[in-house]
Amino acid sequence: MGNLVSRATLLFQATRRLKDSYDILVKRIAVSPGLPVPNPTLPFWTVPAVIIPASDTAPLPEYADIVIIGSGITGASFAHNALSRHGSLNVIMLEARDVCSGATGRYGQCSSGLPIVHSSHHGTHRNGGHINAPLYHDYSQLKEKYGDVTAKKMIRFRLAHLREMRHVADTEDTLKVSQCRGTEHIDVFTCPDSFAEAKEQLLKWQEDMPEESEGSGFLDRNDAIKEFRLSEATVGCIYDMGGAIHPYRFVTSLLAKLSDRYSGNFSIATHTPCTAIVAPSPSSPRYKVITPRGTISTSHVVHATNGWCSHLLEPMRGKIIPSRGTMSAQRPGTLLRDSTADGSRSWVFYRGAGAGYDYLTQLPTGEHELMFGGGWAQRCEDGLPELGLMDDSQYNLDAAGHLAGALPLYFGAENWGGEAMPGAEGDVRWGAGRTKAQWSGVLGISVDGLPWVGRLPGKVSGRAEPPRRAALDMKDESAVLAAPGEWISAGYSGEGMPHAWMSGKALSCMVLDREDELESWFPDVLRVTETRWKEADLDALLERFI
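Reading the values: the criteria
- For every chain, the first residue of its written sequence is number 1, and the numbers climb from 1 along that sequence.
- Residue-level local features of this predicted model are given only where pLDDT is at least 70; pairs of side-chain atoms are given and counted only at 80 or more, and the full residue set underlies all totals for whole chains, interfaces and linings.
- The basis for every side-chain value is the complete set of non-hydrogen atoms in the structure, without hydrogens or water.
- A run of H or I in DSSP counts as a helix once it spans at least four residues, and a run of E counts as a strand once it spans at least two, with each numbered from the N terminus.
- Between the rings of Phe, Tyr and Trp (Trp by its six-membered ring), a pair exists once the centres lie within 6.5 Å; its type follows the angle of the planes, with under 30 degrees stacked, over 60 edge-to-face, and the other angles tilted.
- Note on exposure labels: buried denotes an accessible area under 20% of the residue type's maximum, exposed denotes more than 50%, and partly exposed covers the range between, all computed with a 1.4 Å probe on protein chains only.
- The bend reported for a residue corresponds to the angle between axes fitted to the seven residues ending at that residue and the seven starting there.
- Definition of a polar contact: a pair of N or O atoms within 3.5 Å, with one able to donate and the other able to accept a hydrogen when the atoms are protein atoms, and with sequence-neighbouring residues admitted only if both atoms are side-chain atoms.
- Nonpolar cores are built from buried Ala, Val, Leu, Ile, Met, Phe, Trp, Tyr and Cys residues. Side-chain atoms within 4.5 Å join them into one set.
- For this analysis, residues touch if any pair of their heavy atoms sits within 4.5 Å.
- Given the number of residues in a helix, its expected span is that number minus one, multiplied by 1.5 Å.
- For this analysis, a salt bridge means a side-chain nitrogen from Lys or Arg found within 4 Å of a carboxyl oxygen belonging to Asp or Glu.

Asker: Just checking my understanding: could you explain unusual backbone geometry for this structure?
Answerer: Among all residues except glycine, the phi angle is most often negative; among peptide bonds, the trans geometry is most common. Looking along the chain, the bond that leaves Val47 and enters Pro48 is cis, with omega of -5 degrees. Of note, Pro48 is situated in the loop between helix H1 (2-30) and strand E1 (54-55). Positive phi values are uncommon outside glycine, yet Arg229 reaches one of about 55 degrees. Mapping Arg229 onto the fold places it in the loop between helix H8 (221-228) and strand E6 (236-244). Of note in the backbone geometry, Asn306 takes a positive phi value of approximately 50 degrees without being a glycine. Among the secondary structure elements, Asn306 is positioned in the loop between strand E10 (294-303) and strand E11 (320-330).

What follows is the structure, encoded as structure tokens:
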């Protein structure tokens with residue numbers, strides 16, 4: 001009898017703890033993300049800063065054809081693709097802080113391996129400059145949920161990013177500064193069950209998409225350790241072609257060129273947050289975009305703020321969740337170049353079911369810094385992940401501690417070697433030890449695991465759409481644009497590099513009324529619809545954390 005009572009007590013206590021955790025997360029998520037804090041941690045990516053013709057003092061225009069809110073990779077993609085097609089459009093980009101100071105300039109949109117969409121050993125955050133698409137990782141799940149055609153279209157959409165971004169960097173003569181390059185990508189496993197499951201997923205993907213999976217394969221324990229000089233804790237690896245980039249340099253270099261090329265009709269207003277949007281009305285048929293520096297009238301509002309989008313789109317609260325993650329820049333061990341090939345390889349280290357993963361690229365220049373992020377399993381003070389946390393002026397100390405010590409364990413002390421001596425310092429004094437810098441950033445987690453791209457229906461924006469007659473009149477005024485409205489591309493769930501650029505390009509086609517160009521390559525499953533919005537279930541996401 002005593003045993004039964006004890007078990008009942010334990011069950012009751014565990015249930016109560018689960019309920020408390022659930023209530024904390026729901027309470028966090030229900031709060032507006034607000035505006036980005038003015039004093040964020042300093043990302044290694046952003047030093048030295050790129051000088052862009054942007055202003056926080058020049059008068060704002062009274063009218064713009066399009067207002068873009070956000071200056072990361074999504075906003076840059078939209079602006080580049082829209083202006084490349086119609087260079088006379090009047091476009092203004094609003095940024096609450098400095099240019100590219102959000103997730104793109106902090107991770108390149110990726111962070112810490114939250115187990116959200118992919119199978120049990122996979123997560124959704126990775127970067128540090130990765131352009132490595134989830135391929136075998138969730139192909140079977142996509143196929144089961146959306147069908148064979150959509151699953152393959154999603155994979156090809158993701159794979160298109162490296163090719164497209166390299167083309168843009170090459171065309172704009174920023175290939176060197178953006179460090180956009182192909183890599184040999186390696187997923188490293190330390191859990192036998194996770195590795196076995198990953199191999200099964202790989203074989204299914206290879207069978208269905210032989211052309212796209214050409215060059216991928218796996219190595220079991222001994223071969224993996226020998227080939228890539230990994231630690232004895234390794235149980236196997238999966239390899240494929242990947243990519244890497246300096247996300248901040250890519251975006252800022254492109255925006256600088258756009259600002260120069262379209263100086264008469266494209267501008268960037270920094271330290272100019274959008275604080276509210278007033279819906280059109282019969283007497284005032286355009287949107288009014290409110291900022292502390294003035295109001296801009298426009299027919300089109302593009303939301304490119306990812307984790308902060310529900311600040312202005314309250315109905316998206318609970319659909320795209322802000323989440324804070326941790327990133328670091330570290331000096332490589334003296335022998336590590338034999339493993340990392342001085343930046344020609346990219347890595348993800350899977351730590352087992354439910355433990356998240358860590359991700360690594362290496363800069364090809366300078367001290368060949370290791371851009372290393374992750375540490376999701378090291379949770380916050382309340383024992384919960386960093387869902388709903390938006391303050392990137394601080395970072396999770398447990399996650400930072402994990403990142404500071406993990407790399408020699410993944411590669412093995414014999415492959416790491418000694419600690420590197422610091423090189424010459426620039427204007428910023430970085431840490432003198434292995435870890436040069438650590439910082440945090442805010443991402444946008446989609447509760448159904450896919451980005452949200454397209455026109456926002458009134459129920460989803462929370463504002464009335466332009467009156468139909470006025471909308472038709474304004475469309476006639478600007479024949480190159482679609483009917484007025486609000487638009488979004490966000491919710492990349494930490495996989496921004498293989499989703500954001502092409503999503504921004506697709507959104508530009510929609511706003512420019514070129515829907516026919518999307519049919520062959522854009523997955524319609526990413527579109528924003530009222531049905532999808534209603535079906536996107538927050539509880540399904542939270543189940544993965546509690």
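Asker: I tried to follow the packing of aromatic side chains on my own but got confused; where do I start?
Answerer: For any pair of aromatic rings, geometry is given as the distance between the ring centres together with the angle between the planes. For the structure shown, the criterion picks out 15 aromatic pairs. Taken together, a centroid distance of 5.9 Å and an interplanar angle of 5 degrees make the contact between Trp347 and Phe349 stacked. Relative accessible area serves as the criterion here: at 1%, Trp347 is assigned to the buried category. The buried category is assigned to Phe349, whose relative accessible area is 0%.

Asker: Can you help me understand helix H11 (residues 397-411) in this one?
Answerer: Every α-helix winds through 3.6 residues per turn, so residues three or four apart in the chain are directed the same way. When the local axis directions of H11 are compared, the greatest deviation, roughly 40 degrees, occurs at Gly405, which is followed within four positions by the proline Pro408. Turning to H11, its buried residues are Ala399, Ala400, His402, Leu403, Ala406, Leu407, Pro408, Tyr410 and Phe411. Its side-chain oxygen 2.9 Å from the backbone nitrogen of Asp398, Asn396 forms the N-cap of H11. Immediately beyond the C-terminal end of H11, within one or two residues, lies Gly412, with a positive phi of roughly 95 degrees.

Asker: Would you mind showing me how to read the nonpolar core here?
Answerer: A general trend in soluble globular proteins is that nonpolar side chains are found buried together. Core analysis: the biggest nonpolar cluster contains 87 residues, and Ile66, Ile68, Met165, Leu255 and Phe266 have the highest contact counts within it. The dominant element in this core, judged by the number of residues it contributes, is helix H5 (residues 148-171), at nine residues. Sequence-distant contacts of Leu255, defined by excluding residues within four places in its chain, comprise Ile52, Ser71, Ala76, Met93, Val99, Phe266 and Ile268. Residues Leu387, Val447, Leu456 and Ala536 belong to the second largest nonpolar core, which totals 22 residues.

Asker: Quick question: what am I supposed to make of the side chain of Ser259 here?
Answerer: By the element assignment, Ser259 lies in helix H9 (residues 247-261). When its relative accessible area of 6% is taken as the criterion, Ser259 is described as buried. Those residues in contact with Ser259, other than ones at most four positions away along the chain, are Ile52, Pro53, Phe266 and Ile268.

Asker: I keep staring at helix H2 (residues 73-85) and nothing clicks. Help me out?
Answerer: For H2, built from 13 residues, the straight-helix expectation of 18 Å at 1.5 Å per residue is met to within 8% by its first-to-last C-alpha distance of 18 Å. With eleven of its 13 residues buried, H2 lies for the most part within the structure. Those residues of H2 not exposed but buried are Ile73, Thr74, Gly75, Ala76, Ser77, Phe78, Ala79, His80, Asn81, Ala82 and Leu83.

Asker: How do you make sense of the pattern of salt bridges when you look at a structure like this?
Answerer: Opposite charge on two side chains lets them pair, provided their charged atoms get close. Counted according to the given criterion, the structure contains 24 salt bridges. Here Glu419 makes a salt bridge to Arg434, at a shortest N to O gap of 2.6 Å. One end of the pair, Glu419, is in the loop between helix H12 (413-416) and strand E15 (435-446); the other, Arg434, is in the loop between H12 and E15, and 15 residues separate them in sequence. Its relative accessible area of 38% is what places Glu419 among the partly exposed residues. A relative accessible area of 22% means that Arg434 is categorised as partly exposed.

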